[in-house]
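These are the residues of each chain, in order.
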Amino acid sequence: MKYEVFLPDIKLSSIIKCYVVIYDFTLLSDMLFLPNGGNFIVFNRGITGYSLLNNKKYQIPEGYFASIKTAKSQKSILDLENIPQVEPAVMILAELLPIGFYKLFKKDAASLYNHYLPLETTVINKYFSKLYMHKSMEQDICYLDDAFLQMYNDQNNSREFIEDILERIEEYNYEVTVEELAQEFACSRRTIERQFKKFIGLSPKKFIFVCKFYQIFMEYISDGKKFNDTQYIYNDNAHLNKVFHNIVGLSPSQTFEDINKKHTLNVYQLKVSEV
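About the cut-offs
- Residues numbered from 1 in each chain as written.
- Predicted model: local features only at pLDDT ≥ 70, side-chain atom pairs only at ≥ 80, totals over all residues.
- Heavy atoms only, no water.
- Axes fitted to C-alpha atoms, helices over the stretch in contact; angles between N-to-C directions.
- Helix = DSSP H or I, 4+ residues; strand = E, 2+ residues; numbered from the N terminus.
- Parallel < 35°, antiparallel > 145°, perpendicular 65-115°, else oblique.
- Contact = heavy atoms within 4.5 Å.
- Nonpolar A, V, L, I, M, F, W, Y, C, P; charged D, E, K, R; others polar.
- 1 Å grid on protein atoms, 1.4 Å probe; cavity = no way out; pocket = protein on both sides within 12 Å on 5 of 7 lines; lining within 4 Å.
- Points joined across faces, edges and corners; volume = space filled by probe spheres on them.
- Pairing = 2+ DSSP bridges.
- Buried < 20%, exposed > 50% of the residue type's maximum accessible area, 1.4 Å probe, protein only.
- Arc of directions from axis to C-beta.

**Student:** Before we move on, could you go through the packing of helix H2 (residues 121-128) against helix H3 (residues 137-154) and cite the residues and values that matter?
**Tutor:** Two elements in contact, H2 and H3, have axes separated by 9 Å at closest approach and are oriented at 120°. Here H2 is positioned oblique relative to H3, judged by the angle of their axes. Contact residues: H2 offers Val123, Lys126, Tyr127 and Phe128, while H3 offers Tyr143, Leu144, Ala147, Phe148, Gln150, Met151 and Asp154. Here the residues of the contact of H2 with H3 sort into eight nonpolar, one polar and two charged.

Spelled out as structure tokens, the structure:
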């Protein structure tokens, strides 16, 4: 087994999508992470290397950290000469929903734009000091559930205005403009822009763009739908090709072939959906 997926406690379902436990670190060197508005809290146990994003290298912290918020697909390039000898797992990824980072840390999510953020020592000591010390991975996941729930409660969270906007965007299936949202919620575009920068770390236009692409990708690649069958339609095939090249670096047909025929490209979200 190279990896395993665990669902969070129901009390965390509004901030954490799932936990991904990596047992074989070589899996990460073949994995592509699609942008979907969220990011990860990574509990790294010695893996070294860098992520390739927009042809730029970002060094991966060797300890616990929050991952980059990005509108591009992200691929990790790892140092295969430095293999951490640890059991049972070399890394746990807690996938956060778009507003999860702010809810847990009460820090502007814009701080994660093209930037890894190592967790502070005080945070690690208070919430995560006993991680990887339990008899089973199931117990470690329960420990993380308790830790994240304590973090969430310590921040005295209440419902934010942007959460209503996020729900409405999803109801529109990401086919809505920022101007239409501003009119519906009786606020200025500038207010929505500020809200998204603070809570999500992406502009509202970019957030809608990447979420729309994520839906297209999952329908086109995993469900085998043709371009004209997809629920979220771009202007034409040329537009879709341009978007694929911009985010993934490949055309839709080449992406489909590399994933489903050649099996040379592994996409994190597709792998998780198959578990």
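**Student:** How would you explain the layout of surface pockets if you had to name every residue and give the values?
**Tutor:** The calculated volume of the largest pocket comes to roughly 550 Å³. Counting only elements with at least two residues in the lining of the largest pocket, the list comes to strand S9 (91-96), helix H4 (161-171) and helix H7 (204-222). Classifying every residue of the lining of the largest pocket by side-chain character gives nine nonpolar, four polar and six charged. Roughly 290 Å³ of volume is contained in the second largest pocket. Only strand S5 (49-53), strand S8 (74-78) and helix H8 (237-247) provide two or more residues apiece to the lining of the second largest pocket. It is H8 that contributes the most residues to the lining of the second largest pocket, three residues altogether. Partitioning the lining of the second largest pocket into residue classes produces seven nonpolar, seven polar and two charged.

**Student:** I'd love a proper account of unusual backbone geometry, names of residues and values included.
**Tutor:** Residue Pro88 is bonded to the preceding Glu87 through a cis peptide linkage, with omega at 0°. With respect to the helices and strands, Pro88 occurs in the loop between S8 and S9. The backbone phi angle of Lys106 is positive, close to 50°, even though this residue is not glycine. Mapped onto the fold, Lys106 is located in the loop between helix H1 (100-105) and strand S10 (117-118). Positive phi, close to 55°, is recorded for His263, a residue that is not glycine. Checked against the element boundaries, His263 lands in the loop between helix H9 (252-260) and strand S11 (266-267).

**Student:** Give me the sheet that holds strand S4 (residues 39-44): which residues, what numbers.
**Tutor:** Two pairing modes exist for strands in a sheet, parallel and antiparallel, and in both the strands are linked by backbone hydrogen bonds. An order of S1-S2-S9-S4-S7-S10 is seen for the six strands of this open sheet, with the pairing classed as antiparallel. Strands at the two margins of the open sheet, each flanked by one partner only, are strand S1 (3-6) and S10. Bridge count for S4 against strand S7 (residues 64-66) is three bridges, and the pairing is antiparallel. Following the sheet pairing, Val42 is matched in S7 by Phe65. Here H3 sits on the sheet and contacts S1, strand S2 (16-22), S4 and S9; the angle it forms with S2, its principal contact strand, is near 145°.

**Student:** An account of H9 is needed here, citing residue identities and associated values.
**Tutor:** The set of residues buried in H9 consists of Pro252, Thr255, Asp258 and Ile259. In an axial view of H9, the angular spread of the buried residues amounts to 130°, which keeps them on one side of the axis.

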